Amino acid sequence: MYLGLDVGTSGLRALLVDENGVVAGAGEAAYAVSHPAPGWSEQDPAQWIAACEAAVDELRAAHPAEFAALKGIGLSGQMHGATLLDAGGEVLRPCILWNDTRSFEEARALDGMPGVRETSGNIVFPGFTAPKLSWVAKHEPELFARVATVLLPKDYLRFWLTGERIGDMSDSAGTSWLDTGARAWSDDLLAAGGMRRDQMPALVEGSAPSGDLRAELRRAWGLTGPVTVAGGGGDNAAAACGAGCFRDGQGFVSLGTSGVLLAAKDSYAPDPASAVHTFCHAVPDTWYQMGVILAATDCLNWLSQTVGQAPGDLAGQVAERADGPSHILFLPYLSGERTPHNDSAIRATFAGIGIGDGPAELTQAVMEGVAFALRDCHEALRGTGTALDRLLAVGGGTRSRFWVETLASVLNLPLDLPAKGEFGAALGAARLAMAAVSGGPLGEIMTSPEISETVEPRADLVPAYDAAYAQYRALYPQMKTILG
C-alpha cells in the first residue's frame, strides 16, 4: 500500500492506494489560515502535523489491514510557503503562505536584479519564497539571524515524518532560489536574496526516495517494515502526476476557483516576460509550464453574490450548448491578473451591456471571459514552443456543458472529461511513492484517468470566437489606460 499526503491551504488530504493505484480509502482534516494584517496569510506548521495525525488515524480506523501493509509515502503541498527553522529544528514563526502579498516591494527589487529571471526562469512574484525572506530580514532582523533552514510546507511535514531536511525540485522551483534549468540551488540567486546554500534543504527528484519513516511513527502507526518517503512535488506537479500528464505535449486545464493551463515539457524553455511559470516537474528530466488566471469559477461566485442567485442557477440559465460569442465582453480580473499581464492593479470590466441584458447574459459573458483569459495562457505557452493537441479538463466549472464547449471552441482544442474518481495531487503523491519504492516505469505508474467524454471544439463557431477574442485582447490596454 502507498499513502499520498497533500498539504493544502485549507486542509490535508490523505489517500491510501494499492500497488495497482486503486484507491482503498481517504482521510481529511481541515485547518485555518490566519490573516493578522491586510494582505498577510499565515499558518502554524503544527496544524499540518495535527491534520496528518488525524487523517492517518481516520485511515487506520477504517482500513486497518490495508494501512498495515504501507510501504511508501508521497508528499504534495501548497507551494512557495516559507517555514523557518532554527538550528535545533524549532519553528521560528508562522509559515508565510503562497497567497501572502506583504513582500511586493521585495519581490519587485529581486525581480529587477540582473540574471534573476534568466536563472530562475520566472518572474519573482510576491507569493514566491525568496521575497518573503527578504521581508523577514528587513522587518524581523533578530529572527532572520536565527534562520538555519527554510522548508516548504510539504517538506516540513517530511521533516516530521523522517527527521530529514530535504526538498524536491518541482516545489523548490517556486522559491526564486533554484536554477530551474540545472535543477539545483543557485548560489547567485541565494546571494541576491541574502541567503546561503547551507540554509537550503538537500534536493531529490520527486520520484526518488528521500528517507524512511521514523521508528517512533512506525510503532505509533502499527507498521512493522520500513516505509520509504518519496521526494514528492508541489501541488500542480503532483496533480499532473495524478492526471498522467508528464510527457511532452500532455496537459490539463483547470476551471477551479482560479484557472490553470498546464503542459508537461521534456525541455526547458522559459519565457518570464509572458508571466508563464516554468518549473521542474516531479519526475526527472522533465519540466512543466503553467499559465495562471487568478479568478475562474470565482468570477461566477462573484456574480452569484451580486445578483443573489446560486452559481448553479446562473449556469442553468445559459444555453445547454455553445452558440457563439456574447455581445458583452468581460475581463475577469477581479483580483488582478497573472498570465500574461502580471498586473495586480487591473480590475474586472463588463463592456457592451444593454438595457435588455440580465443575469443570463452576464453569466454567458463571465464564462466566455474566463475562456478568453485561459486562451491568453494558451497563447503564452505557444509562444515558448509548447504544442498541445488536446487537454484534460478538470475543476468544478466543467460541470457546465456550455462552459466546457465554449472553452473548447475558444482554445480550438478537444477537451477530455475524466470519469469520476481520484486524479488529483494526493493521488499524484501516492504514485510518486510507488515510483520511489518500486523504481518501475513511470508510464505504467502515472496513467491517464478514464475519459468519460471528449468535447470537441465547434468548428462552425471557432471563427466567431476568434473575432471575439481579438476584441477581448484589445480591451485590456484600453482599460489599463483608463484605470492607470
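Everything below is about the structure shown above.
Residues numbered from 1 in each chain as written. Predicted model: local features only at pLDDT ≥ 70, side-chain atom pairs only at ≥ 80, totals over all residues. Heavy atoms only, no water.

Caption draft 1: View of the overall build of the protein. When helices and strands are counted, the protein shows 18 helices and 24 strands. For the protein, whose C-alpha radius of gyration is 22 Å, the value lies close to the compact-globule estimate of 23 Å for 484 residues. In terms of principal-axis extent, the alpha carbons of the protein reach across some 70 × 50 × 40 Å. By the burial criterion, 58% of the 484 residues in the protein qualify as buried. (Helix = DSSP H or I, 4+ residues; strand = E, 2+ residues; numbered from the N terminus. Rg over C-alpha atoms; globule rule 2.2 N^0.38 Å. Buried < 20%, exposed > 50% of the residue type's maximum accessible area, 1.4 Å probe, protein only.)

Caption draft 2: Representation of the packing of helix α12 (residues 297–307) against helix α14 (residues 359–382) within the structure. As a packed pair, α12 and α14 sit with axes 9 Å apart at the nearest point and diverge in direction by 160 degrees. Between α12 and α14, the crossing angle belongs to the class labelled roughly antiparallel. Like other packed secondary-structure pairs, α12 and α14 cross with a definite hand, here right-handed. Mapping the contact onto sequence places Cys299, Leu300 and Leu303 in α12 and Leu362, Thr363, Val366, Met367 and Val370 in α14. Residue classes in the contact of α12 with α14 are distributed as 7 nonpolar, 1 polar and no charged. (Axes fitted to C-alpha atoms, helices over the stretch in contact; angles between N-to-C directions. Parallel < 35°, antiparallel > 145°, perpendicular 65-115°, else oblique. Left-handed = near helix turned anticlockwise from the far one by under 90°. Contact = heavy atoms within 4.5 Å. Nonpolar A, V, L, I, M, F, W, Y, C, P; charged D, E, K, R; others polar.)

Caption draft 3: Summary view of helix α5 (residues 129–139). Most of α5 sits out of view: 8 of its 11 residues are buried. Regarding α5, the residues found buried are Thr129, Ala130, Pro131, Lys132, Leu133, Ser134, Trp135 and Val136. Turning to α5, the residues buried within the fold contact β6 (83–85), β7 (95–96), α3 (104–111), α6 (141–144) and β8 (149–151).

Caption draft 4: How the structure looks around empty space enclosed by the protein. One pass over the full model with this rule turns up 2 cavities of 30 Å³ or more. Volume-wise, the largest cavity comes out at about 50 Å³. Around the largest cavity, the lining residues are Thr129, Val150, Leu151, Leu152, Ser172, Thr175, Trp177, Trp185, Met200 and Pro201. Its residues assigned to classes, the lining of the largest cavity shows 7 nonpolar, 3 polar and no charged. In this structure, the second largest cavity occupies an estimated 30 Å³ of space. In this structure, the second largest cavity is lined by Leu110, Val116, Ala130, Ser176, Leu189 and Ala192. Partitioned by chemical class, the residues of the lining of the second largest cavity number 5 nonpolar, 1 polar and no charged. (1 Å grid on protein atoms, 1.4 Å probe; cavity = no way out; pocket = protein on both sides within 12 Å on 5 of 7 lines; lining within 4 Å. Points joined across faces, edges and corners; volume = space filled by probe spheres on them.)

Caption draft 5: Molecular detail of the nonpolar core. In terms of nonpolar packing, the biggest core is built from 61 residues, with Leu84, Leu133, Val150, Trp177, Met195 and Phe252 touching the most fellow members. The dominant element in this core, judged by the number of residues it contributes, is helix α16 (residues 425–438), at 7 residues. Leave out the neighbours within four places in its chain, and Leu84 touches Glu90, Val91, Leu92, Arg93, Leu133, Val136, Leu143, Val147, Thr149 and Val150. Of all hydrophobic cores here, the second largest spans 54 residues; its members include Val318, Leu329, Leu388 and Leu417. (Core = buried A, V, L, I, M, F, W, Y, C linked by side-chain atoms within 4.5 Å.)

Caption draft 6: Seen up close, the state of the cysteines. Enumeration according to the criterion identifies 0 disulfides in this entry. With no disulfide of its own, Cys52 has Cys95 as its nearest cysteine by sulfur position, at a separation of 16 Å. (Disulfide = S-S within 2.5 Å.)

Caption draft 7: Broad picture of unusual backbone geometry. Put simply, Thr339 and Pro340 share a cis peptide bond, and its omega is 5 degrees. Mapping Pro340 onto the fold places it in the loop between β20 (329–331) and β21 (349–351). Here Ser176, not a glycine, exhibits a phi torsion of approximately 70 degrees, which is positive. One can find Ser176 in the loop between α8 (169–172) and β10 (178–179). Although it is not a glycine, Asn342 adopts a positive phi angle of roughly 50 degrees.

Caption draft 8: Just the sheet that holds strand β16 (residues 251–255), in detail. Ordered by their spatial adjacency, 7 strands build an open sheet running β18-β19-β17-β16-β22-β23-β24, and the pairing between neighbours is mixed. Unpaired on one side and paired on the other, β18 (277–280) and β24 (451–455) mark the two borders of the sheet. For this sheet, the mean angle separating the axes of adjacent strands, direction not counted, is 25 degrees. Relative to strand β23 (residues 415–418), strand β22 (residues 391–394) runs parallel, the two being bridged by 2 bridges. Each residue of the ladder has a partner; that of Leu392, found in β23, is Asp416. (Pairing = 2+ DSSP bridges.)

Caption draft 9: Highlighting the packing of aromatic side chains. Under the criterion given, the structure shown has 15 aromatic pairs. Here Phe125 and Phe128 contribute two aromatic rings whose centre-to-centre distance is 5.4 Å and whose plane-to-plane angle is 70 degrees, an arrangement assigned as edge-to-face. In terms of burial, Phe125 and Phe128 fall into one category: buried. An aromatic cluster is present here, built from Phe125, Phe128, Phe279 and Tyr288 joined pairwise through their rings. Between Arg102 and the ring centre of Trp135, over which it is positioned, the NZ or CZ distance is 4.6 Å. The residue whose ring lies beneath Arg183 is Trp287, and the NZ or CZ to ring-centre distance is 5.0 Å. (Phe/Tyr/Trp six-rings, centres within 6.5 Å; stacked < 30°, edge-to-face > 60°. Lys NZ or Arg CZ within 6 Å of the ring centre and 35° of its normal.)

Caption draft 10: Here's a closer look at the pairing of strand β3 (residues 23–30). Where strand β2 (residues 11–17) and β3 come together, 7 bridges link them in antiparallel fashion. Directly across from Leu15, in β3, lies its bridge partner Ala26.

Caption draft 11: Structural context of the layout of surface pockets. There is about 270 Å³ of room inside the second largest pocket. What lines the second largest pocket is a set of 13 residues, among which Gly395, Thr398, Arg399, Pro418 and Phe423 lie closest to the centre. Of all the secondary structure elements, the ones that give two or more residues to the lining of the second largest pocket are β22 and β23. Looking at side-chain class alone, the lining of the second largest pocket contains 6 nonpolar, 5 polar and 2 charged residues.

Caption draft 12: Spotlight on the pattern of salt bridges. Applying the stated criterion to the full structure yields 26 salt bridges. In this structure, the salt-bridge partner of Arg13 is Glu28, at a minimum N-O distance of 2.4 Å. Taken together, the positions of Arg13 in strand β2 and Glu28 in strand β3 put the pair 15 residues apart, joining distant regions of the chain. Among the ionic pairs, Asp198 bridges to Arg196, the shortest N-O distance being 2.9 Å. (Salt bridge = Lys/Arg side-chain N within 4 Å of Asp/Glu carboxyl O.)

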